[in-house]
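A structural walkthrough
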Amino acid sequence: MNTKKFINERITQIKKEIGPSIAICATSGGVDSMVCAFLGHKALGKKMIALFIDDGLMREKEAQTVSKILRKNGIRTVVVYTAKDFFRALKGKEDPEEMRKAFRDTFYKTLGKAAKKYKADYLIQGTIAADIKETKGKIKSQHNVLSQIGINPKKYGLSIIEPLVKLYKPGVRKVGKELGLPKVLYQRMPFPGPGLATRVVGEVTPLRVKIVRKATSIVEQELKKFKPFQAFAVLLNDRATGIKKGKRAFGNIVVIRSVESKDALTAIPTKIPYTVLEKIQKRIVHEIPQITKVLYDISPKPPSTIEYV
């Protein structure tokens, strides 16, 4: 791929499609959406608004971190706080597909309201080739795939532009680098659109998300030097007996997940030294009182997927 040519073509395409209208760019802080934000800004300037939806399912301090980077680069940025709406939509749902569909519906309704408020006619979003392939293959529904599976975006009052839809992750990173994104962004680990909801097996509640957010932070800190493709923690629905302060404790189970991959379509587990796994286990159990057991997942993709939900 000629990266410079790709960028110039997409800038021309965005300008042509949007014309004098205003666009919003759904920006989660992940590589794909941040590349779209920078690309859209180059094409539209102040006519594009980077919209960060703080749905209560993001990493620690993600809204502050992402909005700071965007504004520092001159990108018009708005943060919308909607955690209550998302947890209400997810309440009582344990089936992964039901959860993903509930998230998707709330996500686009939120974007539709924002589009109306800022009089935007277009939505720029970071759908990539792997999202469509997995959704069409019925492996799992990606939240940002609509028209490709027969859902009309007009349902939400939006016309959608997907500049990266033909690229896989390595291509997106190249575009990010060429656009001048900080290395910490274009080399960042993938983070799912539904956020930490994909790392909670069973019902997604504020408390369960808080637990997995803290555990994920510990895993990311301790595995940073290994530079895995993706590393995080998962909170299982099962519980296990443990011992806390000399007494029986019936607590939660956390799984450490770390994989190596190029395009997220296949993956192998990271061979983490046992001493590192021990350190992660001790930190998780010590810093998160609700946890009694920590496991390490050695499953490749396939037959497993990278995320759990």
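Since the model is a prediction, treat every value here as computed from it, not as a measurement.

Description of the overall build of the protein chain
- Across its full length, the protein chain carries ten helices and nine strands.
- Taking 309 residues into account, the globule formula puts the C-alpha radius of gyration at 19 Å, and the protein chain, at 20 Å, falls close to it.
- For the protein chain, the spread of C-alpha atoms along the three principal axes comes to 65 × 40 × 40 Å.
- The buried share among the 309 residues of the protein chain stands at 56%.
- Taking as baseline every contact in the protein chain between residues at least 6 positions apart, the subset at least 24 positions apart corresponds to 75%.
- Of the accessible surface of the protein chain, which amounts to about 14,900 Å², a share of 53% is contributed by carbon and sulfur atoms.

Quick notes on the packing of aromatic side chains
- For the structure shown, the criterion picks out three aromatic pairs.
- Centroid distance Phe-86 to Phe-103: 5.1 Å. Interplanar angle 45 degrees. Geometry classified as tilted. On the criterion of sequence distance, the pair formed by Phe-86 in helix α4 (residues 83-90) and Phe-103 in helix α5 (residues 96-117) is long-range, its members being 17 residues apart. Summarising the burial analysis for this pair, Phe-86 and Phe-103 share the class buried.

Regarding unusual backbone geometry
- With an omega of -10 degrees, the peptide bond running from Lys-301 to Pro-302 counts as cis.
- In this chain, Pro-302 is followed by Pro-303 through a cis amide linkage whose omega measures 10 degrees.
- Inspection of the secondary structure assignment puts Pro-303 in the segment after β9 (291-296).
- Backbone geometry places Lys-227, a non-glycine residue, at a positive phi of 50 degrees.
- If you trace the backbone, Lys-227 turns up in the loop between α9 (206-223) and β6 (230-244).
- Positive phi, close to 70 degrees, is recorded for Ala-264, a residue that is not glycine.

The rules we used
Counting restarts for each chain: residues are numbered from 1 in the order of the written sequence. Given that the model is predicted, a residue must reach a pLDDT of at least 70 before its local features are reported, and side-chain atom pairs must reach 80 or more before they are shown or counted; all residues, however, enter totals for whole chains, interfaces and linings. Calculation of side-chain values draws on the structure's entire complement of heavy atoms; hydrogens and water are dropped beforehand. In this text, helices come from DSSP runs of H or I with a minimum length of four residues, and strands from runs of E with a minimum of two, each type numbered from the N-terminal end. Restricting the calculation to C-alpha atoms gives the radius of gyration, and the globule rule supplies 2.2 Å times the number of residues raised to the power 0.38. Three exposure classes are used, based on accessible area relative to the maximum for each residue type with a 1.4 Å probe and protein chains only: buried under 20%, partly exposed in between, and exposed over 50%. Note on contacts: a residue pair is in contact if any heavy atoms of the two residues lie within 4.5 Å. The protein chains shown are the only cover counted for residues, whose accessible areas, like all others here, come from Shrake-Rupley with a 1.4 Å probe. Side-chain rings of Phe, Tyr and Trp, where Trp is taken by its six-membered ring, are said to pair if the distance between their centres is within 6.5 Å; with planes under 30 degrees apart they count as stacked, over 60 as edge-to-face, and otherwise as tilted.

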